[in-house]
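Remarks on the overall topology
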Amino acid sequence: MIRIDGSYGEGGGQILRTALTLSMLTQKSFELVNIRAKRPKPGLRPQHLTCVKAAQKISGAEVEGARVGSLYLSFHPKKVKPGSYHFDIGTAGATALVFQTVGLALACAGASELLLKGGTHVPYAPCYHYLAEVYAPILEQLGFSFAFELRRYGFYPAGGGEVVVKIAPQKEISEPFELCGPYKTKKVKVLSVVTEDLPSHIRTRQAKAASEILAEKGFEPEVKLEKAWAKSPGTVVFVAISEGAKRAGFFSLGKKGKPAEKVAEEAVFAFFEFYKTQKAVDPYLADQLLLPLAITRVPFCFDTSRLTRHFFTNLWVIKHFIPDFSPEVGGDLDTPGIVSFLGTV
């Protein structure tokens, strides 16, 4: 039984999700204590519980402590079964985080399809467009194929979004994985989305503000406007850059009293902060890459604009299940860095 302290490092739900994924993949049981102990609402929240129940369903696991508010969980998995699954968070909890809990395990087991209901564009989690346009294309290089379909947007507080993910069986690869900057392209995608119950001029103003700021810095914005159907009103600006195998993305959400121009500025300035480092991998993708790289064990090297606490915490959890996964990390917390691994000998 692997024992993990859920208050370590970043101390959030990522520790739980990574442990669930690796437990299913390695068939090693674990117990998690002090779950989110330092957070304002410690213990399992509804979206974390959905991740646990999703992992339990696909693996037939024996579970103790699976309830809202629980600071303890034990998880004993059996073999993961591919199939068609439906998981409803019931709140605006992030569908992306449920997907990232079970997606890799299902891909390693065979072909599957997921229907996920909840939040698609919410704080503190990858948004739908980030998964579809950054995460999925990059993981194709590691033999994972995820096809995303957005059927309905889900904003806070009602959620109600619907995402379908078609998962193909993982393909075995042996080629080294490399993502290193800088980007040479100046083309940047700008997506401005507003729900149908809000004035359409908000969508236009978001796009105009983002485009003007990018153009002033010499970039070539490629703008797309979109109307969203959702249970709760909401707006989002998504800014992305791609060049060859490299991808990076940033988004900002609107809220009552927040000007459309401010929503655009937040997404664009986050992109600028990344771009000026001349690295290939944004700080969110850096920690999300560790799990699939640990699974495939191919030689790899990538540079990132910032090594986050999430990154170091995720690496710490992975080593509990795969002790010999020891990539070399050049850089310190909250600085640019380069991460490399020689692969399985």
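1. Side note on the sheet that holds strand β1 (residues 2-5)
The four strands are arranged β1-β2-β4-β3 in an open sheet whose pairing can be described as mixed. The sheet terminates laterally at β1 and β3 (62-64), the two strands that pair on one side only. Between one strand axis and the next, the sheet turns through 15° on average, direction left out of account. Judged from the four bridges that link them, β1 and strand β2 (residues 30-33) form a sheet pairing that is parallel. Note on β2: the bridge partner recorded for Ile2 is Phe30. Strands in contact with helix α2 (residues 46-59) are β3 and β4 (73-76); relative to β4, the strand with the most contacts, it is inclined by about 20°.

2. Section: helix α6 (residues 260-275)
Along its 16 residues, α6 runs 23 Å from first to last C-alpha, staying within 8% of the 22 Å computed at 1.5 Å per residue. Within the sequence span of α6, burial applies to Ala260, Val263, Ala264, Ala267, Val268, Phe271, Phe272, Phe274 and Tyr275. Axial view of α6: buried residues confined to an arc of 165°, hence all on one face. Where α6 is buried, its residues meet β10 (187-195), α5 (200-216), β12 (235-243) and β13 (246-253).

Rules behind the numbers
Residues numbered from 1 in each chain as written. Predicted model: local features only at pLDDT ≥ 70, side-chain atom pairs only at ≥ 80, totals over all residues. Heavy atoms only, no water. Pairing = 2+ DSSP bridges. Helix = DSSP H or I, 4+ residues; strand = E, 2+ residues; numbered from the N terminus. Axes fitted to C-alpha atoms, helices over the stretch in contact; angles between N-to-C directions. Contact = heavy atoms within 4.5 Å. Expected span 1.5 Å × (residues − 1). Buried < 20%, exposed > 50% of the residue type's maximum accessible area, 1.4 Å probe, protein only. Arc of directions from axis to C-beta.

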